[in-house]
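Close look at the chain arrangement
Here's the letter readout for the chains.
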Amino acid sequence: MHAFRNQRGKIGTVGDVLILLLVLVTIGAWWITQRNKLRTAPPPAPAAPIAATPPPIVVADQDPAQAPSLVAPSPAGGGQLRPFTPGSLPGSQHTAALETVHALIEQGRDADAEARLSALPQDALNDQRIRQAASVLWNNLGIVRQQSRGTAAAVPAFKTAVTLSPRDQTPRLNLAHAYVETKDPALTREFLEETIQIAPNDPVAHLALADLLYGKDDLAGAILHLEQGRQQTPAGSPLRPYLDLVSARVLRAEKAEQKFSARESSHFLVKFNGNEDYDTWTKVLDILEDAYRDIGQKLNYFPAKPITVVLHTRAVFQSATGSPAWADGLYDGVLGRIQIPTQGALTDQAWLARVLRHEFVHALLHQRVEGSRVPTWLNEGLAMQLAGDNSWPDLDRVIKGEVTLIPLSRLEGGWTGFPPDLATVAYLEGNSATAYLIDRYGMGKVQDIIEALAGRQPMADAIKDRLFISYDEFQQRWSDDINEKIRAGKT
Ligand SMILES: [Zn+2]
């Protein structure tokens, strides 16, 4: 039987894990701030009236393989405040100005505070103590802004705090965490290495660097920082099992691909065993670039990040990827890469194109809808429809008599635990429901639904908003359509 039963787990990439970790770390930091406040003598002015409400607590799924997403909501007010002590600035003509700024920050009047901080004359900042105090205030201003207007709005203030005091841990970590959360392009290798030097015990910087190196296919470098990030993550953290899983996967990939060659095109990085056929690689790249244009156009989305595609020989495919014996290809959601066995690929180019296009759809949707929130029936259905796969029969040709379908809402999660018969029905249903969706409503509506999913709407809401019918109504119409076809087929 033809099977595209990949093991696409419902988890994010290495990058997704950072966001959750960031939330956990910042919650941890918040508690430490609170604890320290109780232990140490109170500062001249209350340090953090804005931290009166605890940030939301995010609980990771117990079973990482089934976690719907590791992308947590933005950690409101996650950064660390620094105590401002005007008493340490005796005799400076700027002390009063800084105290005013401190008071304005405490009142949440960030615009006024910013105007006054920006107005500090350059020669004032030549005084190391004033410079230090200004850095503290810019940092705290960033925190206020983060709480009221979100993390992206806080970045410029954190940046200024870092510029004024480049070796201080707190503003540096607040800036690094903000960059991770907002996926700021300033999150470069250089910045992260500097951050690790200043704050070696922070797991986020290590994991962000691991993610960056992994993206450049530097697996050994990624493993090194993954391990350091893992060691800095408390043993009891709900994130540890997932980090263990990611580490194991990257290690396995590194081992399997040690002697591989890598060649890049503008949108793909194709890795293959150097001893294997060079022609296969060329052919694979042709198919992929074609899929990029064609499928990208149909879904109105072109993946921004290059997609890694690893070509294994059939003999090692299973052990190198952990995929089941019957799988033709695999999109690994943890590693964010396509893996396929290529033995005999050139003799069956139709098969090769089908498998690559199918897995490319998964890769595209993974980038488009972060956190894998695409229901599995739609994800597989789109992969089958857009792969140009004619090897699956239509549902109405397989099932005799009146059809009772598995509700689509029960086909939204992972299918890997399904027994083979149920999995076959699931694929047929996904294919059928997606074909109906495309035929009846058009590709534009499919794009709309995907956009809604990317905006974190649940599937039921996405359908209601974009198709103007309920999820139940959509299923009813699709099921009626199949039954009608079955009746028509009998007459
Ligand atoms: Zn698939």
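Described below are features of the structure shown in this document. (Residues numbered from 1 in each chain as written. Predicted model: local features only at pLDDT ≥ 70, side-chain atom pairs only at ≥ 80, totals over all residues.)

What follows concerns the environment of S247. Position of S247 among the secondary structure elements: in helix α11 (residues 240-256). Taking the C-alpha atoms as reference points, S247 and H225, 22 residues apart in sequence, are found 9.9 Å from one another. Non-local contacts of S247, meaning those with residues more than four positions away in its chain, are made with L226, E227 and R230. (Helix = DSSP H or I, 4+ residues; strand = E, 2+ residues; numbered from the N terminus. Contact = placed C-beta atoms within 7 Å.)

For the rest of this paragraph, the subject is unusual backbone geometry. One non-glycine residue, R456, lies in positive phi territory at about 70°. For R456, the location among the structural elements is in the loop between α18 (443-454) and α19 (459-467). You can call R456 partly exposed: it has 15 C-beta atoms within 10 Å. In this structure, F468 takes a positive phi of about 60° despite not being glycine. As for its placement among the helices and strands, F468 is situated in the loop between α19 and α20 (471-490). (Buried ≥ 20, exposed ≤ 12 C-beta atoms within 10 Å, placed from the backbone.)

Our next topic: the nonpolar core. If you look at the biggest cluster of nonpolar residues, it comprises 53 residues, and the most contacted ones within it are L137, F158, A208 and V250. One finds L378, A383, L428 and W478 within the second-largest nonpolar core, a separate group that totals 52 residues. (Core = buried A, V, L, I, M, F, W, Y, C linked by C-beta atoms within 7 Å.)

A few words now on helix α12 (residues 278-299). For α12, with 22 residues, the first-to-last C-alpha span of 31 Å sits near the 32 Å given by 1.5 Å per residue. Residues of α12 that are buried: W281, V284, I287, L288, A291 and I295. Where α12 is buried, its residues touch β1 (260-264), β2 (268-273), β3 (307-312), α14 (349-368) and α15 (376-386). One or two positions beyond α12, positive phi appears at N300, with a value near 50°. (Expected span 1.5 Å × (residues − 1).)

Further remarks concern the environment of L98. Mapped onto the fold, L98 is located in helix α2 (residues 95-106). The class of L98 is buried, set by 22 C-beta atoms lying within 10 Å. A C-alpha to C-alpha distance of 7.7 Å links L98 and A133, two positions 35 residues apart in sequence.

Turning our attention to the sheet that holds β2. Read from one edge to the other, the open sheet built from five strands follows the order β1-β2-β3-β5-β4, with strand pairing classed as mixed. At either end of the open sheet lies a strand with only one pairing partner, and these are β1 and β4 (330-332). Each adjacent strand pair in this sheet contributes to an overall mean axis angle of 20°, direction not counted. Taken together, the five bridges between β3 and strand β5 (residues 337-341) define a ladder with parallel strand orientation. Within β5, the position partnered with H312 by the bridge is P341. (Pairing = 2+ DSSP bridges. Axes fitted to C-alpha atoms, helices over the stretch in contact; angles between N-to-C directions.)

A few words on the pairing of β2. Note: β1 against β2, five bridges, orientation antiparallel. In the strand pairing of β2, S261 is matched with F272. Once β1 ends, the chain turns through three residues before running back antiparallel as β2. Note that β2 and β3 share five bridges and pair parallel.

This brings us to the packing of helix α5 (residues 128-149) against helix α7 (residues 169-182). Where α5 meets α7, the axes come as close as 10 Å, and the angle between the chain directions of the two elements is 30°. Judged by the inter-axis angle, α5 sits roughly parallel to α7. The way α5 lies across α7 gives a crossing that is left-handed. Seen from α5, the contacting residues are S135, N139 and G142; seen from α7, they are T170, P171 and N174. Tallied by class, residues from the contact of α5 with α7 come to one nonpolar, five polar and no charged. (Parallel < 35°, antiparallel > 145°, perpendicular 65-115°, else oblique. Left-handed = near helix turned anticlockwise from the far one by under 90°. Nonpolar A, V, L, I, M, F, W, Y, C, P; charged D, E, K, R; others polar.)

Mapped onto the elements of the fold, P234 is located in the loop between α10 (219-232) and α11. Counting along the chain gives 31 residues from P234 to P203, while the straight-line C-alpha distance between them is 9.7 Å.

Where α18 meets α19, the closest approach of the two axes is 9 Å, and the angle between their N-to-C directions is 135°. It follows from the interaxial angle that α18 and α19 lie oblique. In terms of crossing hand, the pair formed by α18 and α19 is right-handed. Contacts between α18 and α19 involve K445, D448, I449, A452 and L453 from the first element and M459, A462, I463, D465, R466 and L467 from the second. Tallied by class, residues from the contact of α18 with α19 come to seven nonpolar, no polar and four charged.

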